[in-house]
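Here is what each chain is made of, one letter per residue.
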Amino acid sequence: MAEEADDRKPLLSKKIDKFFKGLADAWSFVRRYFQEAFLPPFEFKELIHQCYRIGVESLPLISLTGFIVGIVFTNQSRPSLSEFGASSWLPSLISIAVVRAMGPLVTALIAAGKVGSSIGAEIGSMKVTEQIDAMEVSATNPFKFLVVTRVTATTIMIPLLVMYTDFVALMGSFLNVNANEMVSLTTFFFQVFESITFLDIWSSVLKSIVFGFTIGIVGCYKGYNSTKGTEGVGRAANSAVVISMFLIFIEELLALQIVNAIRNM
Amino acid sequence: MKEKVVEAIGLKKSFGDLHVLKGVDLELYRGETVVILGKSGAGKSVFIKIMVGLLTQDSGVMRVLGQDVEKLKTKALNTLRLKIGFSFQNSALYDSMTVKENLEFPLVRNIKNLTRKEKDLKIEEMLDSVGLPQTINQMPSELSGGQKKRIGVARTLILNPEIMLYDEPTAGLDPITCMEINNLINEVQDRFRTSSIVITHDLTCAKITGDRMAVLLDGQFRSKGSFQEVFSKAEDQQVKSFYDYNFIES
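- As annotated in an unreviewed UniProt entry, chain B carries the name Phospholipid/cholesterol/gamma-HCH transport system ATP-binding protein and is attributed to Algoriphagus hitonicola.

- Taking an unreviewed UniProt entry as the reference, chain A is identified by name as Phospholipid/cholesterol/gamma-HCH transport system permease protein belonging to Algoriphagus hitonicola.

Set out below in structure tokens:
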């Protein structure tokens, strides 16, 4: 009876049903992560392995991107500031932009593309080739081994990568400022640290933790629930990136409102 | 009287509108090999996945080594799973690990306090038993289909299971490799004294490995008995056509 009624539903209603079912499913996945993450046995070896893969193996890409962002942003900002004779404010402007928004955002978006897709594809392919079932029948909890370790690793490593990106971007900016305005390293970083506050740093770190968690959980959720063979694996990887990026922008917007509210208190 | 190691009573399982198992009964006695034959999608794999708790039945009872699988808590289910070896259709080797790491994975997680030397010895012994000691440092992607199946079997044997489940052990293999796998199933049975369920639609495999056959068609076991009993006087048209299609000389 219920199935017959379901068949008669209009397409839009079915899609809304599917959306909310998916949302409930995702919520129970997140809840399961928190339930399993704090209960023994802990998979420390696999966690360290994942931290290495996510953190160290992302360094070349993050370094290059951060450096270019620093140079380009400095170059693009100079004409506007020069118009008002304020090019000496460049280090302050760049540091605020990099620490508050660009560092976390650029790192998270790159990690969503590199790490999120790789997690989605890896777990997805394990799912469709029954490797997850094989783990389960050999009395190993696959959720703990695959999901908890990866989500924890992204949550730990993304904030560290963000700090590194901030530093590399500021170094890129320094090289540009040094070449054009002859500003020394000490003066540059004096201006940088004068402009940024503890609130900027803490909000950046907390935001990065949320971004890292989002990238990990979305990649794992999409991979863990992939079906339909290799096509499903491709879809899982793709939707892991798209959904992570979408959520990162939403979280950035929310974080901005919260930090501004705190700043105005 | 022989001890029942697996007992399925009135097992039913549906996926939406699709009724896969419609109340099936089956027993596996200690030391024997039962072959479950049936068309693709007949529910053969579903049956053995219910045995290890990967799927749950809608109704009926699945008893393994005297325990009702459905009622077991996670810890007890995991203890039971250690007594069951599951050889998957596509081998399900962990493709990011070497052969050695694949075999070590269940070992280190379930048997504590093993020294490095003991682990290595056990792994070498298992690889010897499936005839592939030279593959120890290879990745699964470097192995042939038959080698993957053998390593999959070795990985399940490393925990000394009492029951072996083979899901389509000869699917996608050439006739010579099929023969090697069939012989391996028999060797495992003799050497490790296991009781086995083999899921297949390959009658040659069924004839060579099975003590008893059970033909699963339309969600029910249509015919049970020895190979001769099931196929020599098959009256059921579907069972008969199953035999005819496999071109086996009687």
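Some details on the nonpolar core
Step number 1: Of all hydrophobic cores here, the largest spans 82 residues; its most connected members are Phe47(B), Met51(B), Met62(B) and Val64(B).
Step number 2: A total of 11 residues in this core trace back to one element, the largest contributor, which is helix H7 (residues 142-181) of chain A.
Step number 3: Leaving out residues up to four positions away in the same chain, Val64(B) has contacts with Val5(B), Val6(B), Met51(B), Val69(B), Leu80(B), Ile84(B) and Ile163(B).
Step number 4: Leu107(B), Ile158(B), Leu184(B) and Leu217(B) belong to the second-largest nonpolar core, a separate cluster that totals 41 residues.

A look at the layout of surface pockets
Leftover empty space is mapped by rolling, across the atoms, a probe with the size of a water molecule.
Step number 1: Of the pockets and cavities examined, the largest pocket occupies roughly 1500 Å³.
Step number 2: Forming the walls of the largest pocket are 48 residues, and the residues nearest its centre are Glu43(A), Thr140(A), Phe145(A), Phe105(B) and Arg109(B).
Step number 3: Secondary structure elements with two or more residues in the lining of the largest pocket: helix H2 (11-37), helix H3 (44-55), helix H5 (90-128), helix H6 (131-137) and H7 of chain A together with helix H2 (74-81) and helix H3 (99-110) of chain B.
Step number 4: Here the lining of the largest pocket is composed, by residue class, of 19 nonpolar, 10 polar and 19 charged.
Step number 5: Put simply, the second largest pocket is a space of about 1200 Å³.
Step number 6: Lining the second largest pocket are 31 residues; nearest its centre among them are Gly22(A), Ala26(A), Tyr221(A), Lys222(A) and Ile243(A).

A look at the side chain of Asn176(A)
Residues and elements named next belong to chain A.
Step number 1: Looking at the element boundaries, asparagine 176 is found in helix H7.
Step number 2: A polar contact is formed between the side chain of asparagine 176 and the side chain of arginine 78, at a distance of 2.7 Å.
Step number 3: Leave out the neighbours within four places in its chain, and asparagine 176 touches Ile71, Thr74, Asn75 and Arg78.

With respect to the sheet that holds strand S2 (residues 18-29) of chain B
Residue and element names in this part refer to chain B.
Step number 1: The strand order S2-S1-S4-S5 describes an open sheet built from four strands, whose pairing is antiparallel. Unpaired on one side and paired on the other, S2 and strand S5 (67-68) mark the two borders of the sheet.
Step number 2: For strand S1 (residues 4-15) and strand S4 (residues 59-64), the ladder comprises five bridges, and the chain directions are antiparallel. Bridge pairing in S4 links alanine 8 to methionine 62.
Step number 3: Against the sheet, helix H1 (residues 44-51) makes contact with S1, S2 and S4, and its axis sits at roughly 120° relative to S1, the strand it touches most.

A short note on the environment of Lys122(B)
Step number 1: Relative to the helices and strands, Lys122(B) is located in helix H4 (residues 116-129).
Step number 2: Along the sequence, Lys122(B) and Ser87(B) sit 35 residues apart, while their C-alpha atoms lie 19 Å from each other.

Structural notes on the interface of chain A and chain B
Step number 1: Listed per partner, the contact involves 16 residues of chain A and 20 residues of chain B.
Step number 2: Of the roughly 1600 Å² buried where chain A meets chain B, counting both sides, 52% is carbon and sulfur surface.
Step number 3: Summed over the three residues of chain A that lose the most area to chain B, namely Glu130(A), Gln131(A) and Val137(A), the buried surface amounts to 36% of that side.
Step number 4: Inspection of the chain A/chain B interface yields four salt bridges.
Step number 5: We note a salt bridge from Arg81(B) to Glu136(A), for which the minimum N-O separation is 3.8 Å.
Step number 6: On the surface where chain A and chain B come into contact, there are six residue pairs in polar contact (both at pLDDT 80 or more).
Step number 7: Listing elements by their share of the side of chain A that touches chain B, those giving two or more residues are H5 and H6 of chain A.
Step number 8: With six residues, H6(A) is the largest single contributor of residues to the side of chain A that touches chain B.

A look at the sheet that holds strand S6 (residues 84-87) of chain B
All names here are of chain B.
Step number 1: With respect to topology, six strands assemble into an open sheet ordered S6-S7-S8-S3-S9-S10, the strand pairing being mixed. Of all the strands in the sheet, just S6 and strand S10 (220-225) have a single pairing partner and so form its edges. Sheet twist, expressed as the mean angle between neighbouring strand axes with direction ignored, is 15°.
Step number 2: Sheet topology note: the strand S9 (residues 212-217)/S10 ladder contains five bridges and is antiparallel. Across the sheet, residue leucine 216 finds its bridge partner in S10, namely phenylalanine 221.

Details of helix H6 (residues 175-192) of chain B
All names here are of chain B.
Step number 1: End to end, H6 covers 25 Å across 18 residues, agreeing with the expected 26 Å (1.5 Å per residue, within 8%).
Step number 2: Of the residues making up H6, those classed as buried are Thr177, Cys178, Ile181, Asn182, Leu184, Ile185, Val188, Gln189 and Phe192. Along the axis of H6, the buried residues cluster in a sector spanning 155°; they form a single face. Pointing more than 90 degrees away from the buried face of H6 are the exposed residues Pro175, Ile176 and Asp190.
Step number 3: On its buried face, H6 sits against strand S3 (33-38), H4, helix H5 (145-157), strand S7 (163-167), strand S8 (195-200) and helix H7 (203-209).
Step number 4: The distance from a side-chain oxygen at the start of H6 to the backbone nitrogen of isoleucine 176 is 3.1 Å, and the residue carrying that oxygen is aspartate 174.
Step number 5: A positive phi of about 50° marks arginine 193, the residue just after H6.

Calculation rules
- Residues numbered from 1 in each chain as written.
- Chains lettered and ligands numbered in written order.
- Predicted model: local features only at pLDDT ≥ 70, side-chain atom pairs only at ≥ 80, totals over all residues.
- Heavy atoms only, no water.
- Core = buried A, V, L, I, M, F, W, Y, C linked by side-chain atoms within 4.5 Å.
- Buried < 20%, exposed > 50% of the residue type's maximum accessible area, 1.4 Å probe, protein only.
- Helix = DSSP H or I, 4+ residues; strand = E, 2+ residues; numbered from the N terminus.
- Contact = heavy atoms within 4.5 Å.
- 1 Å grid on protein atoms, 1.4 Å probe; cavity = no way out; pocket = protein on both sides within 12 Å on 5 of 7 lines; lining within 4 Å.
- Points joined across faces, edges and corners; volume = space filled by probe spheres on them.
- Nonpolar A, V, L, I, M, F, W, Y, C, P; charged D, E, K, R; others polar.
- Polar contact = N/O pair within 3.5 Å; in protein donor to acceptor, adjacent residues only side chain to side chain.
- Pairing = 2+ DSSP bridges.
- Axes fitted to C-alpha atoms, helices over the stretch in contact; angles between N-to-C directions.
- Buried area = accessible area lost by both parts, 1.4 Å probe.
- Salt bridge = Lys/Arg side-chain N within 4 Å of Asp/Glu carboxyl O.
- Expected span 1.5 Å × (residues − 1).
- Arc of directions from axis to C-beta.

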